[in-house]
Amino acid sequence: GNCSFNIKIQKGSIECIIFYKTTDTMKLVLYTALSLIFTGFGIIDDEITRQKNFKVNSAFIAMNGYDPVSYFRAGPEKGSKFISHAYKGINYWFITEANRTEFIGNPDKYEPAWGGWCGHAMALKGEKVEINPLCYKIIQGRNVLFYKTVFANALSNWEKELKKTPEIELMKKGDFFWNSIMSK
């Protein structure tokens, strides 16, 4: 039978179009070969690592369902499960189709820093600490989320830390710790 396929691999996504007229055995061989290729590129491993380390719920929804693009606009708003997008194994919800489209065009800009864990804890100790999705700061074009309760506010602690450590250094430390976590 005839078999042709196109594979387009871009940062964070795979597009695979297969046209075939062949036997079930050939389909199985093709599926197995494609699975091995994708695993070889580390795409499946990357998704599993992200799901294990990002701050997500059991359905791999990030940011407690808040729209990641909204933080860069009027402020955080809870997204809708009906307007969603999965990026490298992590699910994001959006308030509008326009925000979803904006995210798809530039996911690295809109994903929260350090997997969505508390910026203060990550930058100072490399620890994964819960966040309040309404407590955030856009730093160097990145959304850094923070822990906040009635008794504690990690964003306030971050601001106090800036008297001793420049913000760019805190961001570098957070990146170092996060890269270490993601490489395990």
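Refer to the structure printed above.
Quick caveat, the model's predicted, so the values are computed rather than measured.

Caption draft 1: Examining the layout of surface pockets more closely. Empty space within the largest pocket amounts to approximately 370 Å³. R50, F54, D108, E111 and W178 are the residues nearest the centre of the largest pocket, which is lined by 17 residues in total. Per element, the largest residue contribution to the lining of the largest pocket is four residues, and it comes from helix α7 (residues 167-182). By residue class, the composition of the lining of the largest pocket is seven nonpolar, two polar and eight charged.

Caption draft 2: Geometry of the packing of aromatic side chains. Per the counting criterion, the structure on display carries eight aromatic pairs. Ring geometry for F72 and Y110: centres 5.2 Å apart, planes at 90°, overall edge-to-face. Note that F72 is positioned in the loop between α2 (43-53) and β3 (80-87) and Y110 in helix α4 (residues 107-110), a separation of 38 residues in sequence. In this structure Y110 comes out as buried when scored by relative accessible area, which is 1%. Taken together, Y87, Y92, F94 and F103 form an aromatic cluster joined through their ring pairs. Over the ring of F72 we find K109, and its NZ or CZ is 5.7 Å from the ring centre.

Caption draft 3: Expanded view of the environment of W117. Tracing the backbone through its elements, the reader meets W117 in the loop between α4 and α5 (119-125). A residue is classified by how much of its surface remains accessible, and W117, at 11% relative accessible area, is buried. In this structure the C-alpha to C-alpha distance between W117 and V56, which are 61 residues apart in sequence, comes to 9.6 Å. Not counting the four nearest positions on each side in its chain, W117 is found in contact with N53, F54, K55, M122, K128, V129, E130, I131, L145 and W178.

Caption draft 4: Structural view of the environment of K125. On the secondary structure map, K125 appears in helix α5. We classify K125 as exposed; its relative accessible area is 57%. Linking K125 and K173, residues 48 residues apart in sequence, is a C-alpha distance of 8.9 Å.

Caption draft 5: Geometry of unusual backbone geometry. Positive phi values are uncommon outside glycine, yet M63 reaches one of about 60°. Counting through the fold element by element, M63 comes out in the loop between α2 and β3. Judged by relative accessible area, which is 2%, M63 ranks as buried. At K88, a residue that is not glycine, the phi angle is positive and equals roughly 50°. Looking at the secondary structure, you find K88 in the loop between β3 and β4 (90-94).

Caption draft 6: Up close: helix α6 (residues 154-161). Buried residues of α6: A154, L155, W158 and E161, and no others. Mapping the buried residues of α6 onto a view down its axis gives an arc of 115°, with all of them on the same face. Summarising the contacts, the buried residues of α6 are in contact with α5, β5 (132-139), β6 (142-146) and α7.

Caption draft 7: Structural detail: the pattern of salt bridges. The final tally for this structure, using the stated rule, is eight salt bridges. With a shortest N-O distance of 3.4 Å, K55 and E130 are connected by a salt bridge. Residue K55 is located in the loop between α2 and β3, and its partner E130 is located in the loop between α5 and β5; the two are separated by 75 residues in the primary sequence. Judged by its relative accessible area of 12%, K55 is buried. The residue K137 makes a salt bridge to E167 at a minimum N-O spacing of 2.8 Å. Pair noted here: K137 is in strand β5 and E167 is in helix α7, with a separation of 30 residues, a long-range link. Note on E167: relative accessible area 22%, which makes it partly exposed. One network of salt bridges, with partners in common, ties together K137, E159 and E167.

Definitions and cut-offs
- Residues numbered from 1 in each chain as written.
- Predicted model: local features only at pLDDT ≥ 70, side-chain atom pairs only at ≥ 80, totals over all residues.
- Heavy atoms only, no water.
- 1 Å grid on protein atoms, 1.4 Å probe; cavity = no way out; pocket = protein on both sides within 12 Å on 5 of 7 lines; lining within 4 Å.
- Points joined across faces, edges and corners; volume = space filled by probe spheres on them.
- Helix = DSSP H or I, 4+ residues; strand = E, 2+ residues; numbered from the N terminus.
- Nonpolar A, V, L, I, M, F, W, Y, C, P; charged D, E, K, R; others polar.
- Phe/Tyr/Trp six-rings, centres within 6.5 Å; stacked < 30°, edge-to-face > 60°.
- Buried < 20%, exposed > 50% of the residue type's maximum accessible area, 1.4 Å probe, protein only.
- Lys NZ or Arg CZ within 6 Å of the ring centre and 35° of its normal.
- Contact = heavy atoms within 4.5 Å.
- Arc of directions from axis to C-beta.
- Salt bridge = Lys/Arg side-chain N within 4 Å of Asp/Glu carboxyl O.

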